[in-house]
Amino acid sequence: MGDREATRDILVRTVVHSGFHVRYAVHPCVYEPEEDTFLLADSLVKACKNGLKPSSVIEFGVGSGYISSLVLSLWNPALFVGTDINWYAVEGTRLSLSTYRGSTERSSIVLCNRDTCIREHATFDLAVSNPPYLLVNDEFAGECDKLLARSWSGGDKCLIEFCASLCRRGRVIFMVLSSLSPLDEVFECMKQFDCQANIVERRKLFFEEILVVMGEHVLDYKNSSRGN
Ligand SMILES: C[S@@+](CC[C@H](N)C(=O)[O-])C[C@H]1O[C@@H](n2cnc3c(N)ncnc32)[C@H](O)[C@@H]1O
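On a predicted model such as this, the values are computed, not experimentally measured, just so you know.

*Asks:* Any chance you could break down the overall build of the protein chain for me, citing the residues and the numbers?
*Replies:* Each helix and strand counted, the protein chain has nine helices and nine strands in total. In terms of overall size, the protein chain behaves like a compact globule, its C-alpha atoms giving a radius of gyration of 17 Å where 228 residues would be expected to give roughly 17 Å. Of all 228 residues assigned to the protein chain, the portion counted as buried reaches 51%. Taking all contacts inside the protein chain whose residues are at least 6 apart in sequence as the whole, residues at least 24 apart take part in 66%. For the protein chain, the accessible surface area stands at approximately 11,400 Å², while carbon and sulfur atoms represent 50% of it.

*Asks:* How would you summarise the sheet that holds strand β5 (residues 107-111) if you had to cite specific residues and measurements?
*Replies:* Taken in spatial order, the seven strands of this open sheet run β5-β4-β3-β6-β7-β9-β8, and their pairing is mixed. The open sheet has two free edges, formed respectively by β5 and β8 (195-204), since each of these has just one partner strand. Across the sheet, the mean angle separating the axes of adjacent strands is 15° when strand polarity is ignored. Sheet topology places strand β3 (residues 56-60) next to strand β6 (residues 124-129); four bridges connect them, and they run parallel.

*Asks:* Tell me what's going on with the packing of aromatic side chains, and back it up with residues and numbers.
*Replies:* In this structure the tally under the stated criterion is three aromatic pairs. Between Phe 38 and Tyr 66, the ring centres sit 5.4 Å apart and the planes meet at 65°, which makes this aromatic pair edge-to-face. In this pair, Phe 38 sits in helix α2 (residues 35-49) while Tyr 66 sits in helix α3 (residues 66-75), placing the two residues 28 residues apart along the sequence. The exposure class of Tyr 66 is buried, given its relative accessible area of 4%. Plain terms: the ring middles of Trp 87 and Tyr 88 are 5.9 Å apart, the flat faces sit at 80° to each other, and that makes the pair edge-to-face.

*Asks:* Run through the site of the ligand, naming residues and quoting values.
*Replies:* By nearness alone, 18 residues border the ligand, and Thr 37, Gly 61, Asp 84, Asn 113 and Arg 114 come closest of all. For the ligand, a nitrogen atom lies 3.4 Å from a polar atom in the backbone of Val 62. With respect to the ligand, the side chain of Asp 84 contributes an N or O atom lying 2.7 Å from an oxygen atom. About the coverage of the ligand: the protein hides 97% of its 600 Å² of free accessible area. Looking at the shell around the ligand residue by residue, the classes come out as seven nonpolar, seven polar and four charged.

The rules behind each value
Residues numbered from 1 in each chain as written. Predicted model: local features only at pLDDT ≥ 70, side-chain atom pairs only at ≥ 80, totals over all residues. Heavy atoms only, no water. Helix = DSSP H or I, 4+ residues; strand = E, 2+ residues; numbered from the N terminus. Rg over C-alpha atoms; globule rule 2.2 N^0.38 Å. Buried < 20%, exposed > 50% of the residue type's maximum accessible area, 1.4 Å probe, protein only. Contact = heavy atoms within 4.5 Å. Areas by Shrake-Rupley, 256 points an atom, 1.4 Å probe, with all protein chains shown as cover. Pairing = 2+ DSSP bridges. Axes fitted to C-alpha atoms, helices over the stretch in contact; angles between N-to-C directions. Phe/Tyr/Trp six-rings, centres within 6.5 Å; stacked < 30°, edge-to-face > 60°. Near = heavy atom within 4 Å. Polar contact = N/O pair within 3.5 Å; in protein donor to acceptor, adjacent residues only side chain to side chain. Nonpolar A, V, L, I, M, F, W, Y, C, P; charged D, E, K, R; others polar.

Here it is as structure tokens:
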């Protein structure tokens, strides 16, 4: 499928999440918002209600753009950067965000492996990700199947790389994990970056529990009301 043909197949849906408008792309090669998406969304809405007010935000693995769009609705940050390795997800998220006022100047959605395309020492008030947190060894043949498999299956090394990218880039971070993830290794990664980690949301599903971990760099944490 050529690039132009692919974007023609993208639909954009609008829904309301806890009172906030969300637009997201629907395409056969793009991860559809699922329970993990909604759990991360719930934790961001709560953080907003608790006073978090980031003016720069980065998301790794934008997928359909559900979380990116919620971030714009919640905070309308001065800068929003989103990355994904799936071109359809990048195009879909660009489309989803295109109707937000000022989004063309303030947001940039890039085809990129996590944060590898971001200037070396650039940091953001908030970094979020719902990364591929399962380990599945199945082989997939079609283009879409391969792209979708990389949405949920990455393996231990991939999770630690996401954790490191989040901790390097965000003053506050939100990361989705599963009870099937190597939680000790991820918490150890956060510790190595002096990031104070807390589980802020959890939901039981059929065969696993999904979690949202919030991390704050220790100095920032001590200066915030939570660290007093
Ligand atoms: C579980 S989906 C989450 C999508 C969306 N943020 C949500 O919450 O619904 C994970 C996304 O990460 C993307 N992804 C996987 N590995 C990546 C990497 N190394 N860098 C950037 N994005 C990646 C996948 O293509 C997929 O869109």
